[in-house]
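A closer look at the structure
One letter stands for each residue in the lines below.
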Amino acid sequence: MARVLVVEDDQFVRSALIRHLSDAAHTVRSVGTALEALREVAQVGFDVVVLDLGLPDLDGREALKMLRGITDVPVIVATARDDEAEIVRLLNDGADDYLTKPFSVEHLSARMAAVLRRAQGAAGGPPPSRILQVGGLTVDPLRRRADLDGAPLDLTRREFDLLAFLAGRPGVVVPRKELLAEVWQQSYGDDQTIDVHLSWLRRKLGETAASPRYLHTLRGVGVKLEPPQAESPQAGPLP
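Thresholds, definitions, all that
Residues numbered from 1 in each chain as written. Predicted model: local features only at pLDDT ≥ 70, side-chain atom pairs only at ≥ 80, totals over all residues. Heavy atoms only, no water. pLDDT = per-residue confidence, 0-100. Contact = heavy atoms within 4.5 Å. Pairing = 2+ DSSP bridges. Helix = DSSP H or I, 4+ residues; strand = E, 2+ residues; numbered from the N terminus. Axes fitted to C-alpha atoms, helices over the stretch in contact; angles between N-to-C directions. Buried < 20%, exposed > 50% of the residue type's maximum accessible area, 1.4 Å probe, protein only.

1. Details of the confidence of the model for the protein chain
Close inspection of predicted coordinates is inappropriate for parts of the model with low pLDDT. Chain-level statistics for the protein chain give a pLDDT mean of 83 and a share of 89% at 70 or above. Residue range residues 231-239 is modelled with pLDDT below 50. Its contacts to residues more than four positions away, or to other chains, number zero contacts.

Below, the structure is given as C-alpha cells:
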C-alpha cells in the first residue's frame, strides 16, 4: 500500500481522511500547513501527497510550486475552486490530478489508485527508444523531450505523456476513453481533464481548437494528431 501525506488544516476533514486511508492499509502522515508539508516531503519519502489549497500559512498554488521544486511525487490537489482557469493553472503548476470539494473518500481512493498506477508504470519498464516524428514535431520518449520545428517545447509531465501517446499513433483517431485509460490510467472520468491538457498543448503548438494544425478533435469520437496539411501553392502570374 501507499505512503500518503495529507496536507489539510481542517481537523475534521483531516481526521476523516486519515481514518479512511488507514483503514485501506495506507501509511498516513498528516500536517496542517504548507511549511510543515515541505519539511515532511524533504525528510520522508511518500508515494502520493493530497494537498488542500486553503492552507493558513501559504497559498496552495505556491505550496505546489515549492513541492515541485524538491520532489516529483504525485500530488492530488483538493480545491473548492472549480473554474476551468484555476484547474488549468494547477495542472500546469505540476498537479497530477485534482478533486473539487466536497468529495467522497471513495472518489479520493479512486484518484489515488490512478496516480499510483501511473507512477508505478512510469518507473516499471524501460521507456520506448524510438523517436517519433510527425511533420515538424519530434518526440523523444526516452529523453522526454519534444521539439517543434527545431525549438524545444516546455511541457508538463502529463502534457508530454498525452503528446507522446498521440504521436505514436499519427493520423489515428484515439477515443477519449482510451486516452483516459492509457495516459491517465483511469477507467472512468470526465472530459474536462483531457480538454484542459489539449488546450494547453494547442497553445504550445501554436494553434487553436478553431484553427488546428496538429491536434484535431472529432466531436463525439476522439482526438488525432497528424502533420499539418500543406498549403496549396499560390498561382503565379501568367507569362
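2. Notes on the sheet that holds strand β7 (residues 137-140)
Within the open sheet, the four strands sit side by side as β6-β7-β8-β9. Their pairing is antiparallel. Edge positions in the sheet fall to β6 (132-134) and β9 (151-152), since each of these pairs with one other strand and no more. Contacting β6, β7 and β8 (145-148), helix α6 (residues 157-167) crosses the sheet at an angle of about 110° to β7.

3. Section: the environment of Asp 93
Within the fold, Asp 93 resides in the loop between α4 (84-92) and β5 (97-100). The class of Asp 93 is buried, set by a relative accessible area of 16%. Sequence separation between Asp 93 and Leu 64 is 29 residues, and the spatial gap between their C-alpha atoms is 7.0 Å. Apart from residues lying up to four places away in sequence, Asp 93 is in contact with Arg 61, Leu 64, Lys 65 and Arg 68.

4. A short note on the pairing of strand β12 (residues 222-225)
Of the two faces of β12, the one lined by Gly 222 and Lys 224 and the one lined by Val 223 and Leu 225 are each fully buried. Note that strand β10 (residues 174-175) and β12 share two bridges and pair antiparallel. Bridging across to β12, Pro 175 finds its partner in Gly 222. Pairing geometry for strand β11 (residues 215-218) and β12, over four bridges, is antiparallel. Across the sheet, residue Leu 215 finds its bridge partner in β12, namely Leu 225. Here β11 folds back onto β12 in antiparallel fashion, the turn holding three residues, of which Gly 220 has a positive phi close to 80°.

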